[in-house]
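Close look at the chain arrangement
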Amino acid sequence: MSDHGEHGAHTEHIVPVSTYILVFLALLVGTALTTWIAYIDLGKWNTVVALVIAFTKMLLVVLFFMHVKYSTGLTRVVILAGFFWLGIMITLSCSDELTRTWEIVPQGWNMIIPFVSRLF
Amino acid sequence: MSTAIAELHETPAESGVNYLNATYGIRSWLVTLDHKRIGLLYLGSITLMFFVGGMAAVLMRLHLTEPQGALFEPETYNKMFSTHGIIMVFFFLVPSIPATLGNFLIPLMIGARDVAFPRLNLMSWYIFITGAALALYATLSGGVDTGWTFYPPYSSLFSHTHVVAVALGVFIAGFSSILTGLNFIVTIHKMRCPGMTWFRLPLFIWAMYATSLIFVLGTPVIAITLFLLGMERILHVGIFDPAVGGDPLLFQHLFWFYSHPAVYIMILPGMGVVSELITAFSRKKIFGYAFVAFSSLSIAIISFIVWGHHMFVTGQSIYAGLVFSVLSFLVAIPSAVKVFNWTATLYKGSISYEAPMLYALGFIGLFTIGGLTGLFLAALATDVHLNGTYFIVAHFHYVMVGGAVMAYMGGLHFWWPKITGRLYPDIWARIAAAIIFIGFNLTFFPQFMLGYLGMPRRYAMYPSEFQVLNVMSSAGASILGIGYVIPLIYLIWSMRYGQPAGPNPWGAKGLEWTTQSPPLTENFEEIPIVTEDAYNYASEAARV
Amino acid sequence: MSELAAHGAHPPGFAHQYEDIEQQRDAGKLGMWTFLVTEILFFGGMFTAYIIYRLLHLASFIQGSHNLKVVYGATNTAVLIVSSLTMALAIRSAQTGRKKGTTISWLVFTWLLGAAFIGIKLHYEWWPDWHEGLVPRFHWFYNGPHAPGVEMFMVFYFCMTGLHAMHMVVGLGILTVLLIMTARNKFSAEYYAPLEISGLYWHFVDIVWIFLFPLLYLIGGRY
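I will try to describe carefully the structure that is included in this document. Bear in mind the structure is a predicted one, so any value in this text is a computation, not a measurement.

**Section: the overall build of chain A**
Each helix and strand counted, chain A has 4 helices and 0 strands in total. Going residue by residue from the N terminus, the α and β elements of chain A occur as α-α-α-α. The C-alpha atoms of chain A give a radius of gyration of 22 Å, which is well past the 14 Å a tight globule of 120 residues would have. Dimensions of chain A along its principal axes, counting C-alpha atoms only, are 65 × 50 × 20 Å. Long-range contacts, defined here as pairs at least 24 residues apart, represent 37% of the contacts in chain A between residues at least 6 apart.

**Considering the overall build of chain C**
Broken down by element type, chain C carries 6 helices and 2 strands. Sequence-ordered secondary structure for chain C, helices as α and strands as β, is α-α-α-α-β-β-α-α. Principal axes of the C-alpha set define a box for chain C whose edges measure 75 × 30 × 30 Å. In chain C, which comprises 223 residues, the share counted as buried stands at 51%. Within chain C, contacts between residues separated by at least 24 positions form 75% of all contacts whose residues are at least 6 apart in sequence.

**Digging into the packing of helix 10 (residues 203-235) of chain B against helix 1 (residues 21-56) of chain C**
For the pair helix 10 of chain B and helix 1 of chain C, interaxial distance at closest approach is 8 Å and the crossing angle is 40°. By the criterion of interaxial angle, the relationship of helix 10 of chain B to helix 1 of chain C is oblique. Once helix 10 of chain B is placed against helix 1 of chain C, the crossing between them reads as right-handed. Residues B:Val216, B:Leu217, B:Pro220, B:Val221, B:Ala223, B:Ile224, B:Thr225 and B:Leu228 of helix 10 of chain B form the contact with helix 1 of chain C, whose own contacting residues are C:Thr34, C:Val37, C:Thr38, C:Leu41, C:Phe42, C:Gly45, C:Met46 and C:Ala49. Of the residues in the contact of helix 10 of chain B with helix 1 of chain C, the class split is 12 nonpolar, 4 polar and no charged.

**Things to note about the interface of chain C and chain B**
Opposite the 26 residues of chain C that make contact, chain B presents 31 residues. Broken down by secondary-structure element, the contributors of at least two residues to the side of chain C that touches chain B are helix 1 and helix 5 (147-183) of chain C. Sorting elements by how many residues they give to the side of chain C that touches chain B places helix 1 of chain C first, with 16 residues. Of the residues belonging to the side of chain C that touches chain B, the class tally is 14 nonpolar, 9 polar and 3 charged.

**Examining the interface of chain C and chain A**
Chain C puts 42 residues into the contact, and the matching count from chain A is 44 residues. Looking at the side of chain C that touches chain A, the elements that each hand over two or more residues are helix 1, helix 3 (70-95) and helix 6 (193-218) of chain C. The greatest single-element share of the side of chain C that touches chain A, amounting to 15 residues, is contributed by helix 1 of chain C. For the side of chain C that touches chain A, the per-class residue count stands at 25 nonpolar, 10 polar and 7 charged.

**A closer look at the nonpolar core**
As a rule of thumb, nonpolar side chains are buried together in soluble globular proteins. Counting 268 residues, the largest nonpolar core has B:Ile110 and B:Ile205 as its most contacted members. Not counting the four nearest positions on each side in its chain, B:Ile205 is found in contact with B:Ile106, B:Met109, B:Ile110 and B:Ile188.

**As for the packing of helix 9 (residues 163-190) of chain B against helix 10 of chain B**
Angle between the axes and distance between the axes: these two values describe a pair of packed helices. Residue and element names in this part refer to chain B. One can describe the packing of helix 9 onto helix 10 by two numbers: an axis separation of 8 Å at closest approach and a directional angle of 155°. One finds that helix 9 runs roughly antiparallel with respect to helix 10. Seen from above, helix 9 lies across helix 10 with left-handed handedness. Across the contact of helix 9 with helix 10, the residue classes tally to 22 nonpolar, 7 polar and 1 charged.

**Comments concerning the environment of C:Glu132**
Mapped onto the fold, C:Glu132 is located in the loop between helix 4 (100-131) and strand 1 (134-135). Taking the C-alpha atoms as reference, C:Glu132 lies 8.3 Å from C:Tyr142; in sequence the two are 10 residues apart.

The rules behind each value
Residues numbered from 1 in each chain as written. Chains lettered and ligands numbered in written order. Predicted model: local features only at pLDDT ≥ 70, side-chain atom pairs only at ≥ 80, totals over all residues. Helix = DSSP H or I, 4+ residues; strand = E, 2+ residues; numbered from the N terminus. Rg over C-alpha atoms; globule rule 2.2 N^0.38 Å. Contact = placed C-beta atoms within 7 Å. Buried ≥ 20, exposed ≤ 12 C-beta atoms within 10 Å, placed from the backbone. Axes fitted to C-alpha atoms, helices over the stretch in contact; angles between N-to-C directions. Parallel < 35°, antiparallel > 145°, perpendicular 65-115°, else oblique. Left-handed = near helix turned anticlockwise from the far one by under 90°. Nonpolar A, V, L, I, M, F, W, Y, C, P; charged D, E, K, R; others polar. Core = buried A, V, L, I, M, F, W, Y, C linked by C-beta atoms within 7 Å.

Structure, rendered in C-alpha cells:
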C-alpha cells in the first residue's frame, strides 16, 4: 500500500516563529559556550564537551529547523542510518589504526579469546 | 501512422503504440524521461563497456599463454589488468542489472507509471556516460597500471600513468549510481500501487532495494577517497604518504569501505533476478519468501562491516584481522539462505529448461562455488597463503561472472520479450548458455589450482610449470568469448525478425507480465490493484 | 485526498508520475533526506581520516589548530546559524501564504549571510593564511614544531573547509533559483516543496560547519 496520505499530515505542521527564535538563541548560546570552554583547561574533557555541544546544536537544527520533530518514523530511520554507518566507518577503521602495536600474548584468557585482556 | 485517429478507435494493444514507437528520432531518446527508454540507453552503454573490458581480458589471456608473456611488456600488461578491472567493475558490473533491468522493471513491478524522479534518472545516465567517456579516453591514452584498487603510495607518488583522469571518470560514474540508488529507494517506498504491500513485492524489488541502500551508503565514500587521492597526486600533499605521517592503509580502509559492499551491489541484483527465474520456470512460489527478502537486507547491511578481509596481509593489525575475519564468516549466512531456498523452490516444481532457467541454474552452482571459496579467504590462516594469488582471481570471477553476469544474461533473456515485444530463438540461447558455462569453468577452475599452487596474480610472467593450466584457462576464455558474442547476434536479430511476443510468453506472475509487450509509455492504462501474494502460481495462468 | 485533487485539476508543480501532491511531497522529502545521508558519508570519509590522524598525531594537530583564528570561525558559525533561521522563516512565509515579497526578503537575507560566510572565510582566513605561508605545498613557510604533522593538519583544514565552502556556493546557486521561482509566483501555501527541500540542504551544510568549527578550531589546547 502506498504511503501517501496515510500519515495524516495533509498540511505540513507549521512551527511557531517563537519556537524558531528560541532554537536560534539556543544555538547562539551553544556557540558562545563552546568557544568559551575551549579556553579553559579540562584536559581530555575539552573534546568531549565540545562534541556534546556540537551534537546538541545539531539535534536542535535537525528537530526544529529541519522539522524532523514533526516528521515520520521513516525520516528518522534514514537519518539514524546515515549516522550509524558513519559510526561503522570510524569505529572499524580505528579498530585497526589504533591497535597496530597490540601484540598477542597467548596466556591465560588470551589463549581462548585473543586480546580479551586488552578490553578489560 | 496516424496515432491520433488510432487512439480514438483502438486500444493501444490493437494500434501497436508502445514506449518504443510513441515518439521517434534520436532527440526523443536523448531527452526521454521514460524509465524504460533510459534503461535501454544504459543497456547500450554498458554493453559497449562490457566488450571493451572483455577485449582487455582476451588480450591478457593471450599474453599469459606463455610463461615469459606472449604479447606485452610487463608495464603494458599492468595496464591491461588495471583497465580490465576498472572497466568491468565500475562501468559494467556495478550499473549492469540496476541501471538496465532495474530501471526498466521497477516501476512496472510495483504498478507505478515511472520512477520518483525521472529527470534525475536521465541525468544519471548522462553522468554515467560522461564518466565512462573520460575513463575510456584516459584508457586509450595509456590508461593506468595501478590495478583497479589504486593503492598509494604507488598511485599517488610513483606511477606515471593517467591516474587522475581514470579516477575522475570513476568518481563521476559514482554519482550516477548514487542518484540511481536514491531514485529507487524513494520509488519503492512511495510509489507502490494500491494493495502492493512490502511483503507482496517481487523479490527482485527487495534485492534492488537492498542494492540501492549500498549505492547510497557506500558510493560517497569512494568518491571522497578518490578525491583525497587526487589531491595527493596533483598537489603533492602527503595524505597517505608515510614520510609525512600519512598511512597508506587509511586509503585502503576508505577504499574498501565502499568496494567490499560494491561486490554485493554486483551480486544482489543477480540474486533478485534468480528468484524471479527460479519461480517462473518451476511454476512454484518461492520457498520462504520472508527469509529471502530479509536475506537481501542482511547481505546489504553485513557487507559494510567486513571490508578488512581485503587487508589481512597488507599491514592491518592482528586485532582488526580477527574482528573482520569473524564478521566475514557472518556474511556468508544470508547468501546460503538464498541458495537453500532456491533449491527448495525447485523441489517438486514443474521445471522447464528455457535459456533463462539454464542461466539461473548455472548461477546457483557457480555462485555456491564462488561463495564457498570466499570462506577459504575469510579464514586468516588460509588467506595468508592464498592472498595475492590466482585463487582470489578465480574466487571473484566465479561470483561475478559465474554469478552476476549469468544472472544478468538470464534476466536479459527472460524480460527480452517484455522489453522488445519480440521472442529470441531459444535454441540458440540454450546453445550459447551451454558454451558460456563450459567456457567459464574451463577459464576459471584452473585458476583455483594455479592460486593454490602459488602463482601470483597481476604478474606478467610466471614459472614454466604453470603453463599447462594457463593455456587451459586461455582456451576457456576464447570459448567464453564466443559464448558472449552469440547472444549479441541473435538478440539484435530478434529486435527486427523475432516472433512477436504477447504480454506473457512465459506464463509468469508479476505485474510487468499483465501489460502489453512492449509496454505503453505510461506502463498501465489503469493503475493496477494488487490482491494476491507474489509468485501465486497455484492458479495456472494461460500462456499468451 | 487533498481537496485540490479534483479529477484532472492538479495543483501547480504537480508531476504526473505521481497520484497526488501528497505523494509527490513525501517522495521529494525522502529523496532529499536520502541525498543528505550520502553527504553524511561523503564528508564522513574526510572526518574519519581526520579523526584517525588526530588520534595518531595529537601534538601536531594541536599545534596546527593554533594557526586558525577562532574569532572568525566563531563569527562564521553565528552567521550560518542566523542564515538557518532566515531560511526557516522563508519557508514558513511561503507555508503560511504570505505575500511573495516576505519570502523573497528572507531568502535574500539567507543568501547574503551565506555570501558573508564565504567572504569572511576568504578575506580574513584563507588570504591571510596564504600571506603567512600556511598553505601546504603552494606557500608553505611554517618553521614551528611538528612541521610535517602541522602541514597534514592544514591539508585537512583546507580540504574540509574547502569542500564545505563548495557546498555553500552550490547552496547560493540553489537560493538564486528559488528567488527567481518565488518572484515568478511559483509557490503558495499548497505548493512550496522546492523551498522546503532546499531548506533541508541548507541546514545540513550548517550542521557540517557546526562540527567543523570545534574539531578544527577549538580542541587544540588553547589554554
